[in-house]
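# Fold and contact review
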Amino acid sequence: MINVQFAALPARWDTYREPLKRAFAEAGLTVDMRQDHPADQVGYVVYAPNSDLQDFTPYTRCKAVLNLWAGVEKIVGNQTLTMPLCRMVDPGLTAGMVEWVSGHVLRYHLDIDRSIAMQDRWEPVVPPLAFERPVTVLGLGALGSACAQSLARIGFPVTGWSRPAKEIERINCLHGDQRLKQALSEAEIVILLLPDTPATNNILNADTLAMLPK
C-alpha cells in the first residue's frame, strides 16, 4: 500500500480525486490517497503550491513531491523541501502555450485589431513579412523553447534569452545578465516565459523596456 497525501485546496480534491484514483489503478498501484495522512506515514505528496502544506520537515518517509502543474517557482525555494520534486510535463500544456503565443504574435504582427475595427471601410495596409519582424523570447525552458521554435518555423527571426546557456536549432540563443540588453535591443515583439521567482521578478521594468527599439 502506498500512502499518498493530496496537498491542495479542497476544490482541487474534488477535481483530481477520481481521475488520480483511476490512473493509479490503471498503473497497477495500490494507493491510499487522502488529505489527512499522518505526515510520518506518507510515501508521496501530490502538491499544489497554494496549499496549506509549507513545511515538509515532518514528512520523513516521503520519497518525492509531485507538483500538480508545470510551474514550480513557488516551491523550489522552500528550504524544508529535501526530497525530489517532480513537475508535471504534459504535451497539452506545451501545445496550448505554443498556440496562445503564436496567435498573439500574429495578432500584433498583422495588426489584426486594426482590421477588425475597420470592417466597414477598406484602407489597405501592407504589414512587414515575418522575416522582417524580430522576436525575442525571454525564458528557454520547455515552453519557451517550443514557442521560439514555432515562431521560427513561421519565419520570424527569433532570439532566445535564458540565464544558463542553451542551444536550440534556428534560435539565436543568448544567456546571462550581460546579454539581456542585446536580446532586447532589436526585438519588436517580446514574449516573457520566465518563471516567477525573486531572480526574475520585475525583469521587465523601465530600464529594460528602454532597451527596446523606439
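The structure under discussion appears in the preceding block.
Residues numbered from 1 in each chain as written. Predicted model: local features only at pLDDT ≥ 70, side-chain atom pairs only at ≥ 80, totals over all residues. Heavy atoms only, no water.

### Looking at the overall build of the chain
Here is the rule: Secondary structure elements follow DSSP: runs of H or I no shorter than four residues count as helices, runs of E no shorter than two count as strands, and numbering proceeds from the N terminus. The globule rule used here is 2.2 Å times the number of residues to the 0.38 power, and the radius of gyration it is set against is calculated over C-alpha atoms. In what follows, a contact means two residues having at least one pair of non-hydrogen atoms within 4.5 Å. All accessible-area figures derive from a Shrake-Rupley calculation using a 1.4 Å probe, and residue coverage is judged against the displayed protein chains alone.
Summing up its helical and strand segments, the chain has six helices and nine strands in all. Here the C-alpha radius of gyration of the chain, 22 Å, is well above what a compact globule of 214 residues would show, namely 17 Å. For the chain, the spread of C-alpha atoms along the three principal axes comes to 65 × 45 × 30 Å. For the chain, the share of sequence-separated contacts (at least 6 apart) that also reach a separation of at least 24 residues comes to 49%. Accessible area of the chain: about 13,000 Å², with a carbon and sulfur share of 55%.

### Thoughts on the sheet that holds strand S3 (residues 44-47)
Applied cut-off: Any two strands between which DSSP finds at least two bridges are classified as paired.
Ordered by their spatial adjacency, five strands build an open sheet running S2-S1-S3-S4-S5, and the pairing between neighbours is parallel. Only two strands of the sheet have a single partner each, and these edge strands are strand S2 (31-34) and strand S5 (85-86). In the sheet, strand S1 (residues 2-7) pairs with S2 via four bridges, with the strands oriented parallel. Counterpart to Asn3 in the pairing with S2 is Asp32.

### Considerations on the environment of Met83
Locating Met83 in the fold gives a position in the loop between strand S4 (64-67) and S5. It is 9.8 Å that separates the C-alpha atoms of Met83 and Tyr44, two residues lying 39 residues apart in sequence. The contact partners of Met83, leaving out residues within four places of it in the chain, are Phe56, Tyr59, Cys62, Lys63, Ala64 and Val65.

### Focus on the pattern of salt bridges
Counted only if it meets this: Any Lys or Arg side-chain nitrogen found within 4 Å of a carboxyl oxygen on Asp or Glu counts as a salt bridge. For each residue, the accessible area found with a 1.4 Å probe, counting protein chains only, is set against the maximum for its type, and the residue is called buried under 20%, exposed over 50%, and partly exposed in between.
Tallied over the entire structure, the rule returns eight salt bridges. In this structure, the salt-bridge partner of Arg133 is Glu188, at a minimum N-O distance of 2.9 Å. Residue Arg133 is located in the loop between helix H3 (112-117) and strand S6 (135-138), and its partner Glu188 is located in the loop between helix H5 (180-185) and strand S9 (189-192); the two are separated by 55 residues in the primary sequence. Look at Glu188 and you get partly exposed, because its relative accessible area is 45%.

### Notes on the packing of helix H2 (residues 91-109) against helix H4 (residues 142-154)
To keep it simple, the criterion reads: Only the stretch in contact is used when fitting a helix axis, every axis being a line fitted to C-alpha atoms; angles between N-to-C directions are given from 0 to 180 degrees. Roughly parallel means an angle under 35 degrees; roughly antiparallel, over 145; roughly perpendicular, 65 to 115; everything else is oblique. The crossing is said to be left-handed when, going from far helix to near helix, the turn is anticlockwise and less than a right angle, and right-handed when the turn is clockwise.
Packing of H2 against H4 brings their axes to within 9 Å, and their N-to-C directions diverge by 45 degrees. With respect to H4, the axis of H2 lies oblique. The way H2 lies across H4 gives a crossing that is right-handed. Touching Leu93, Thr94, Met97, Val98, Val101, Ser102, Val105 and Leu106 of H2 are Leu143, Ala146, Cys147, Ser150, Leu151 and Ile154, all from H4.

### Examining the sheet that holds strand S7 (residues 158-162)
Spatial ordering of the open sheet is given by S8-S7-S6-S9, a layout of four strands whose pairing is parallel. Of all strands in the sheet, those bounded by a partner on one side alone are strand S8 (172-175) and S9. Pairwise comparison of adjacent strand axes, ignoring direction, gives a mean angle of 20 degrees for this sheet. Here S6 pairs with S7 via four bridges, running parallel. Paired with Val137 across the bridge in S7 is Gly160. Each of S6 and S9 is contacted by H2, which is oriented at about 160 degrees to S9, the strand it contacts most.

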